[in-house]
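Inside the fold
Listed below are the residues making up each chain.
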Amino acid sequence: MGRSAAGLGAALLPQGACGPGEAGEACSIVLDVEAGAALVVVWSETATRMTVTVATVGGIVVGRWQAGFGDDGIAVVDARDLEASTTYVAAIGLDDGKVMEPHGFVTAPRDDDARPVRLAWSADIDPDPAYDSPIFETLAAQGAEAFVSLGDWPYADNPPLPVTLEEYRDRHVLARGWAKLQPWLHGASVRAILDDHEVGNDWDAGTYAADPARHDAALTAWDEWFPRRGGGPRYQRWRWGAHLECFLLDTRSFRSSSDDVDGPAKTMVGATQLAWLLDGVIGSSAAFKLIFTTVPLDFGHGVDHWAGYLTERDAILDALAAAATPGVLFLSADQHWFGAYQHRLGAREFQVGPLARGPAPLPPLRPGILGRAREYNFGLLDASVDGLRVRALGAAGGVLWDETFTPADLTLRR
Ligand SMILES: [Fe+2]
């Protein structure tokens, strides 16, 4: 039985009007929204079935779906046949009588629709009160249509380090159900990838080999809590209108040990994902190709990021320069400060986070570091016919960076 809810208590959602005294805790999220579909994912302590009703903001019901809860306490509905660029409300009914807060979400524009769009991205969510700030209110106020989560949500490896699947699941309950997140999570959809702390600090092929059972438990829990339409690999790509195509890399599941000597045999993403990335980016018809990598291309601490995988990183940059693909931008997190970077061949990158975890000390300045800020932050991406505007905002909304690019500005050149 996989439905424990250790220590939930006051940390979870504001209680709605519950049923006849039997309803347990529950929390929900909308994932992987496309032009015509949205995944509604619910965890419940006690329910056995849910009904998801999707309606327009004007109250017209466009569909109703049912799903059962598994032993993991998760139920998933893929709401389909939705209209593009439309705001919907998803109401969730549970058979234990728990009343859930509805979700508002916006479907993606069609690939040929050039209307302005706004996405947000960041990482690092730990409900420990030590990291409290107004950042989630600030994030919710931006009205981003979707949020890209670059991992460390949850910090599953906070002590005591989980061992079993049950223990890893409990960490997801705490991090997903955190009351502070709910106003934001109920107004936007999420695309997510894991980084290291969902499993263990800086995990890689070496730590996996030393303790496969624990790593498998952690990955199983993550897959349950971030289900993917159709299964398949954790890395994914999706369009958001005419301007944006997003490529969300899995930099953990296929990586060599960080301590291996750099060279052709050392990989961050694996050969299959690497080919998928280059084919996808070079072949994309979107004005901007956003490459989301949990770890930055350089300028971080140690070798857990691409600085320890420079051979493969440079092969990616060389291929993009050889193709002269316009509109390529790298977006990262992980290091716990904001950074604006320029790499070889003119590649540009913005590193954001943390949302709710301690900002980290800054390593020494190096050429290519254009700016940094050691505070809670997230990134905003506004794409329109005028270009791609990238901003980084602090917890109270202070602007840490504001720069606008044309596709030509973001073309890697030899
Ligand atoms: Fe983190």
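It should be noted that the structure appears before, not after, this text.
The following paragraphs examine the structure supplied in this document. As the structure is a prediction and not an experimental result, all values here were calculated from the model.

Let's talk about the packing of helix α2 (residues 165-177) against helix α5 (residues 212-225)
In the contact formed by α2 and α5, the axes pass within 8 Å of each other and the chain directions differ by 40 degrees. One finds that α2 runs oblique with respect to α5. Handedness of the crossing formed by α2 with α5: right-handed. The residues of α5 that touch α2, namely those facing L165, Y168, R169, H172, V173 and R176, are R214, A217, A218, T220, A221, W222, E224 and W225. Among the residues forming the contact of α2 with α5, the class breakdown is eight nonpolar, two polar and four charged.

Points about the coordination of the iron ion
Note on the iron ion: its protein donors are D124 (OD), D152 (OD), Y155 (OH) and H336 (NE2). The metal-donor distances range over 2.0 to 2.2 Å. Taken together, the four donor atoms coordinating the iron ion span angles of 91 to 157 degrees at the metal, a pattern that classifies the geometry as irregular. Here the donor residues for the iron ion map to a single chain with the spacing D-x27-D-x2-Y-x180-H. One end of the pair, D124, is in the loop between β8 (117-122) and α1 (135-141); the other, H336, is in the loop between β14 (328-332) and β15 (338-342), and 212 residues separate them in sequence. Here D124 and H336 have matching classes, each one buried.

Points about the sheet that holds strand β12 (residues 244-248)
Within the open sheet, the seven strands sit side by side as β11-β12-β13-β14-β16-β15-β17. Their pairing is mixed. Of all strands in the sheet, those with a lone pairing partner are β11 (236-240) and β17 (369-373), marking the two edges. The average angle at which neighbouring strand axes cross in this sheet is 15 degrees, direction not considered. Relative to strand β13 (residues 288-292), β12 runs parallel, the two being bridged by five bridges. Within the sheet, the bridge partner assigned to L248 lies in β13 and is F292. Helix α6 (residues 271-283) contacts β11, β12, β13 and β14 of the sheet and is inclined by roughly 175 degrees relative to β12.

What counts, and at which threshold
- Residues numbered from 1 in each chain as written.
- Predicted model: local features only at pLDDT ≥ 70, side-chain atom pairs only at ≥ 80, totals over all residues.
- Heavy atoms only, no water.
- Axes fitted to C-alpha atoms, helices over the stretch in contact; angles between N-to-C directions.
- Helix = DSSP H or I, 4+ residues; strand = E, 2+ residues; numbered from the N terminus.
- Parallel < 35°, antiparallel > 145°, perpendicular 65-115°, else oblique.
- Left-handed = near helix turned anticlockwise from the far one by under 90°.
- Contact = heavy atoms within 4.5 Å.
- Nonpolar A, V, L, I, M, F, W, Y, C, P; charged D, E, K, R; others polar.
- Donors = N, O, S within 2.8 Å, 3.2 Å for Na, K, Ca; no water.
- Tetrahedral: all angles 85-135°; square planar, octahedral: opposite > 155°, others 65-115°.
- Buried < 20%, exposed > 50% of the residue type's maximum accessible area, 1.4 Å probe, protein only.
- Pairing = 2+ DSSP bridges.

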